[in-house]
Amino acid sequence: MSFSSRLGWLAAAAGLALAAGSAGCTTEAFCFDDCDSGSATGTSSSSGTGGTGGEGGCLFGCGGTGGTAGEGGGGGCVPSDSGVEECNGKDDDCNGTVDDLSDWSTPEACGTCANNCYQVLLNTDPDTIACTPSADPGKTDGICTGQCALDYYDLDPDAPGCEYYCVSGGADDSLCNNKDDDCDGIKDEDVDLCTSTTDCGKCGRTCVVLHGTPACQSNAEPGQACNDGNTQCVIQSCEPGFYDLDGSYATGCEYQCNITNNGVEICGDSLDNDCDGKIDDADDLSGDAQLGVDCYGDPNGECATPAHLGKTICQGNKIVCAGPNVLVENQNPELCNSLDDDCDGIVDDSPTDAGKACGVSNIFPCAYGTQQCQNGALVCVGNIDPKTEMCDGEDNDCDGQIDKTNGSPPSDSVGACNVPPNPPAGSTTPCKAGQKACVGGAIVCQNSVTPAPGTQDGCNIDANCDGALTNQPDKQTDVNNCGMCGKSCYTGAVHSTWSCVAGACQFQGCEPGYYDLNNDKQCEYDCDFISAQETCNGLDDDCDGQIDENVIAPSPTQVCGVSPSAVKPECTSQVNVACVMGAWKCTFPAGVCTGAAPNYCTGTPELCDSLDNDCDGVQNENVANWNKPCNSDDGLPPPGHGACRTPGTFICDGTMAVKCSATPANCSSLPGGCEEKCDGLDNDCDGIADEPYSNKGSNATYYVKPVATKIGSQNKWIMAFEASRPNATAVVPGTGNGFWTSAPTGSTLDKTPACSVQGKIPWFNVTPREVEQVCAAAGGTVCSTADWQAAARNTTPDFCLWGYAPLSACKTGYVAGTKFCNLGFSYDFSPDAGIQNGLLVTGDTVNLKNCFVDWTGQTNPQIYDMTGNLREITKSATNTYPLLGGAFNTQAESGAQSDFTFYTVDQNFQFFDTGFRCCFASNPG
């Protein structure tokens, strides 16, 4: 809408609305001049200028039947307005009846003169206003109809006109912006903060789930509004083949897997059958029927006896038979004992303890034999053993000497005689027989020694000389006394198996699970044979002395927990997969996948850096806004950085947060510099927009310096221009209410500052309650009635009645073409027929002549529009606000006099022809 069309509409609406209230003047409507006596409460003039039918004018249509006879009045009726009857309280056609119109269907007099549709239907497009006359024209009001003007809406069907001002932003309020986009009187009512995935708990919070579907979930109590504290984004579901193992919304459905075997985990297939992130023996295998079954290490021989029963277990991703007593084939050597010791299915086949030489001597007449296994026992076959050398002329002991043993006489002629028998072979005895001598093949006995009474045998000692050893080990077979007392075959043995054969220690092989790698008969190597093929399990599967040799490394995706979608080098080519201590060890670059095997990446916190720390294919997801656009003042309360705001992107700020890369500009580099202007912007970038002199902010050099004029010799100052909003222009009045500290129910605290700037549409339709708060925020106060009148020079010695310049012209009324302000009768807003009233910008020196109070000699010596344009709110007492100075629709100049204080309102009064200016106790500029 153009400037002329907007103000033209305002002029028409204002001019018509001021004729309302025909029932008589009240505290919200009063007569300015020449009103009929009795038609208004309060003080009014009854003097006429031309008789009983005078030309009196009245604000809000005070009614009556004409003025009383004045000086020089004659009393006869003189037709007026060309003799055509109009609603003006006069008998224009002199037919004896006042206001008896012939047409009661016009919008100006719809049914009655008091029902002027242009007054009733405020903010209505004048071109659409029409009247439906009543059944009783002239006595009963008709019905006024019309369409709302642009950006005005009728939300109250019980009240006439369009009372709600709103600029539509859309068909509904689904956009979360704290605005009434659909102009229904309610803000953001269509936004669902409880379930919306784009505004979850607060505006702009968008829920996104990797490989899944997000949802907005609230735990708000019944009746409690959803907000940032009780509402959050959650994972509603995962895509097929993806799972949420860590329960974290931030990582989404991070695990990719396909269910197999109906979701029952089994051993041996190296698959995550139930997709819980664990494989085979690392998982719960309670559903695998293959495990826990009775088994044997081998189906033959001793391996299959109850003593060696085991249970099937999952080991190294394979099913094996295990248990403390389990034997496997060839674990034990075959012995001659009627048993299948080596579990090859044959009893006593090639026993390791058979086939050895046996016997005592091989000297004639003696001969060695061979040990053979017969019926589970070793038997020496073919041996001729030595006999006791006898003193008989023969070599009985086969030592090569006749009647001698090792060069000595035979035993029957050398040993004790007439005493206990000789001890068993290899033993000793303290007893001595009588000394025998073999002489010519005959025995001669000489001297003897006998044991003491009660003597007990010792190991290999026949102490009691009875010829026998009692409680003696069999030194021929006892491995602990093999061949001699105290000689243990296991002395120095290492996990080897030994036997004592004919008094000699013989190596029988290694204990089960041990191996002799260097053939030194010491089985120093502990090993459980698993397989001939080595796997990465920390075991010597083939028991060759080497662990995990020649294994093939899998990919990081297979064993390191790297997501298939992770393609950055730190998750692929820079990952080293090696078999270390029986497990695949994944070595990542610093800061990447810092968890433990096997799923290194699971649970690794994503840090804000240049890496995909958890290798899920998404970088820096722990900070939602990374790499997104931002501004230098994001997150700061309005006005933020103001004019110094610069754009940028979110970059990492440490590892857990982001910051905007943008930094505020220096206001000195801006085209307008740092000068703070009353324009709704933070021009000096100190965090406060339009700050007043009483609150200059951190950059105290710059603040809003309203144009103000000192009131004479007083230490008081007043705005030189009628107050306007920061976002007002020469075409529109701007938006925002003046509530700073308190507001009526249903209203917000817009905290709109007041400006004293030339060339702006002034702030109208404002309440005294707002003015109190607005002026206080500016560092001043609502002007007292006395201060306003002093500024208008209505006090001694000037007594100016109007705001005309020069000072010498302020006591008399307007002069056409010389001095006139924006009053209804003195300024014609439009060249169209008749006088058109409208609102002008502040301090309009183009259209108005000398419409200012002259304070020559003071700073800012001109105070504009104290007469006309807008009536101005002043304060004389608590909740008492006189309106001074007249308005653009004032029809009587006397009503605009600076001492005319008749119209007084309360703090909630509000009208479109009323504005204000603030006063200060010191110079605000």
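Residues numbered from 1 in each chain as written. Predicted model: local features only at pLDDT ≥ 70, side-chain atom pairs only at ≥ 80, totals over all residues. Heavy atoms only, no water.

Could you clarify how one ought to interpret the packing of aromatic side chains in this entry?
Pairs of aromatic rings are described using the distance from one ring centre to the other and the angle between the two planes. Taken as a whole and assessed by the stated rule, the structure comprises 15 aromatic pairs. Ring centres of Trp-802 and Tyr-804 lie 6.4 Å apart, and the angle between their planes is 35°; on these two criteria the pair is classed as tilted. Taken together, a centroid distance of 5.2 Å and an interplanar angle of 70° make the contact between Tyr-814 and Phe-825 edge-to-face. Here Tyr-814 is found in the loop between α5 (785–791) and β31 (852–854), whereas its partner Phe-825 is found in the loop between α5 and β31, with 11 residues between them in sequence. Of the residues examined, Phe-825 reaches a relative accessible area of 22% and is grouped as partly exposed. One aromatic cluster is present, built from ring pairs that chain together Phe-888, Tyr-903, Phe-909, Phe-911 and Phe-912. (Phe/Tyr/Trp six-rings, centres within 6.5 Å; stacked < 30°, edge-to-face > 60°. Helix = DSSP H or I, 4+ residues; strand = E, 2+ residues; numbered from the N terminus. Buried < 20%, exposed > 50% of the residue type's maximum accessible area, 1.4 Å probe, protein only.)

Looking at this structure, I do not really get the sheet that holds strand β13 (residues 318–322). What am I missing?
Remark on secondary structure: sheet strands pair via backbone hydrogen bonds, oriented parallel or antiparallel. Taken together, three strands build an open sheet; the order of strands is β11-β12-β13 and the sheet is antiparallel. Each edge of the open sheet is held by one strand with a lone partner, namely β11 (294–295) and β13. Where strand β12 (residues 310–315) and β13 come together, five bridges link them in antiparallel fashion. What sits directly across from Gln-315, in β13, is Lys-318. (Pairing = 2+ DSSP bridges.)

Would you mind showing me how to read the pattern of salt bridges here?
Note on pairing: side chains with opposite charge can pair once their charged atoms come close. Throughout the structure, instances matching the rule amount to 10 salt bridges. Note that Lys-875 and Glu-772 form a salt bridge whose closest N and O atoms lie 2.7 Å from each other. Of this pair, Lys-875 sits in the loop between β33 (871–873) and β34 (881–884) while Glu-772 is found in helix α4 (residues 768–777), placing the two residues 103 residues apart along the sequence. According to the relative accessible area criterion, Lys-875 is partly exposed, its value standing at 28%. (Salt bridge = Lys/Arg side-chain N within 4 Å of Asp/Glu carboxyl O.)

Would you mind showing me how to read the pairing of strand β26 (residues 647–652) here?
Looking down a regular strand, the side chains alternate between one sheet face and the other. Of the pairings in the sheet, the one linking strand β25 (residues 629–631) to β26 comprises three bridges and is antiparallel in character. Looking at β26, one finds that Asn-631 is bridged to Pro-647. Pairing geometry for β26 and strand β27 (residues 658–660), over three bridges, is antiparallel. When the bridges of β27 are listed, Phe-650 appears paired with Cys-660. Once β26 ends, the chain turns through five residues before running back antiparallel as β27, passing Gly-654 with a positive phi of about 80°.

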